[in-house]
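So the chains spell out like this:
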Amino acid sequence: LSMTVDQTFSALPACPNRLLGKTALVTGAASGLGAAISARLAAEGAHVVLADIDVDGLNTQAALIASDTLTLRLDVTSELDWRAAVARTVARFGPLDVLVNNAGITTMGSIEDLGLEAFRHELEIDVIGVFLGCKAGVVAMKERGGSIINMSSSAGLKAYSYLVGYNAAKAAVTLMTKSIALHCAQSGYRIRCNSVHPGAIRTAIIDKVLAQVDNPEETLAGFAAAHPMGHLGHPDDVASIVAYLASDESRFATGAAFSVDGGATAC
């Protein structure tokens, strides 16, 4: 199965000290892209707060990061949890500089297949969760500036018949990001807000999907074929973009959608 992941790519080198002195909070950090992003930000010098509802997963990931971290149980749909998370972050590391709204779910189904409750749950996690995170982030950063990075998807730019709920949620994140970016810029807050749009990235989520199908080889090949570059992405491909957006190198980038999808949304 691994042959549909480009074998020329390995872990990308970090830029030590690029984020030195910055404090970053990453949601959905217990696994997958959130774990990779957290590790990358820490490797570049940031104090990282790993947040998720999966406490055991958080502890595992924190143990793998060779730097001072904080783990927090955070339900992204709870405004009280968000307030507490920011307060604990500031108490431990000082002002919040970077917020990565990565927590999310993927609900499969067409308009005929997807039930109302499943649709609502998708929006609750992927849209309301990002909204509350951005709301808390703006309050925390408005006095000194910072960077908010919202994880959308190639599905936030391109429609798929079997992802009506996920398409709706990630498209909402895309435009919400632009609205927040404009508000912050026009208010003089010096807060940048951008969205990142991964294609299919080889994480445990992909492996779970493959475990549910009759022909995982064929399914994985189909995922790869959907990307003009012909292979799935590596978690570091996404983590690298996030690290750039977290750094001062992206100081003139706001309200933008950064695609990391092997060309999937270019056609």
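Please refer to the structure placed before this passage.
Worth saying up front: this structure is predicted, and the values here are computed from it rather than measured.

Engineer: Give a description of the sheet that holds strand 7 (residues 257-260) that names residues and reports values.
Structural biologist: Taking strand neighbours across the sheet as the criterion, the seven strands line up as 3-2-1-4-5-6-7 in an open arrangement whose pairing is parallel. In the strand order of this sheet, the two ends are held by strand 3 (69-73) and strand 7, each with one partner. For this sheet the average axis-to-axis angle between neighbouring strands, irrespective of direction, equals 20 degrees. Relative to strand 2 (residues 47-52), strand 1 (residues 23-27) runs parallel, the two sharing five bridges. Paired with threonine 27 across the strands is alanine 51, a residue of strand 2. Most of the contacts of helix 1 (residues 32-43) go to strand 1, to which it runs at about 170 degrees, and overall it touches strand 1, strand 2, strand 4 (98-101), strand 5 (146-151) and strand 6 (191-198).

Engineer: So, helix 2 (residues 55-64): which residues are in play, and what are the values?
Structural biologist: Among the residues making up helix 2, those that are buried are Gly57, Leu58, Gln61 and Ala62. One side of helix 2 carries all its buried residues, which in axial view fall inside an arc of 135 degrees. In this structure, helix 2 carries Asp56 and Ala63 as exposed residues pointing more than 90 degrees from its buried face. Contacts from the buried residues of helix 2 go to helix 1, strand 2 and strand 3.

Engineer: Account for empty space enclosed by the protein, naming residues and giving values.
Structural biologist: Tallied over the full model, the rule gives one cavity of 30 Å³ or more. Size it by volume and the largest cavity reaches roughly 30 Å³. What lines the largest cavity is simply Thr27, Val76, Trp82, Asn101, Asn102, Ala103, Ile125, Gly129 and Val130. In terms of residues, the lining of the largest cavity owes the most to one element, helix 4 (residues 116-141), which gives three residues. Taken together, the residues of the lining of the largest cavity sort by class into five nonpolar, four polar and no charged.

Engineer: Break down the layout of surface pockets for me, citing the residues and quoting the values.
Structural biologist: As a volume, the largest pocket reaches approximately 1500 Å³. Of all the secondary-structure elements, those providing two or more residues to the lining of the largest pocket are helix 1, strand 2, helix 4, helix 5 (164-186), helix 6 (204-210) and helix 7 (216-225). When residues of the lining of the largest pocket are assigned to their parent elements, the largest contribution, five residues, is made by helix 6. Taken together, the residues of the lining of the largest pocket break down into 25 nonpolar, 16 polar and six charged. Lining of the second largest pocket is provided by Phe131, Cys134, Lys135, Val138, Val139, Lys142, Met176, Ile180 and His183. Within the residue set of the lining of the second largest pocket, elements represented by two or more residues are helix 4 and helix 5. Residue composition of the lining of the second largest pocket, grouped by class: six nonpolar, one polar and two charged.

About the cut-offs
Residues numbered from 1 in each chain as written. Predicted model: local features only at pLDDT ≥ 70, side-chain atom pairs only at ≥ 80, totals over all residues. Heavy atoms only, no water. Pairing = 2+ DSSP bridges. Helix = DSSP H or I, 4+ residues; strand = E, 2+ residues; numbered from the N terminus. Axes fitted to C-alpha atoms, helices over the stretch in contact; angles between N-to-C directions. Contact = heavy atoms within 4.5 Å. Buried < 20%, exposed > 50% of the residue type's maximum accessible area, 1.4 Å probe, protein only. Arc of directions from axis to C-beta. 1 Å grid on protein atoms, 1.4 Å probe; cavity = no way out; pocket = protein on both sides within 12 Å on 5 of 7 lines; lining within 4 Å. Points joined across faces, edges and corners; volume = space filled by probe spheres on them. Nonpolar A, V, L, I, M, F, W, Y, C, P; charged D, E, K, R; others polar.

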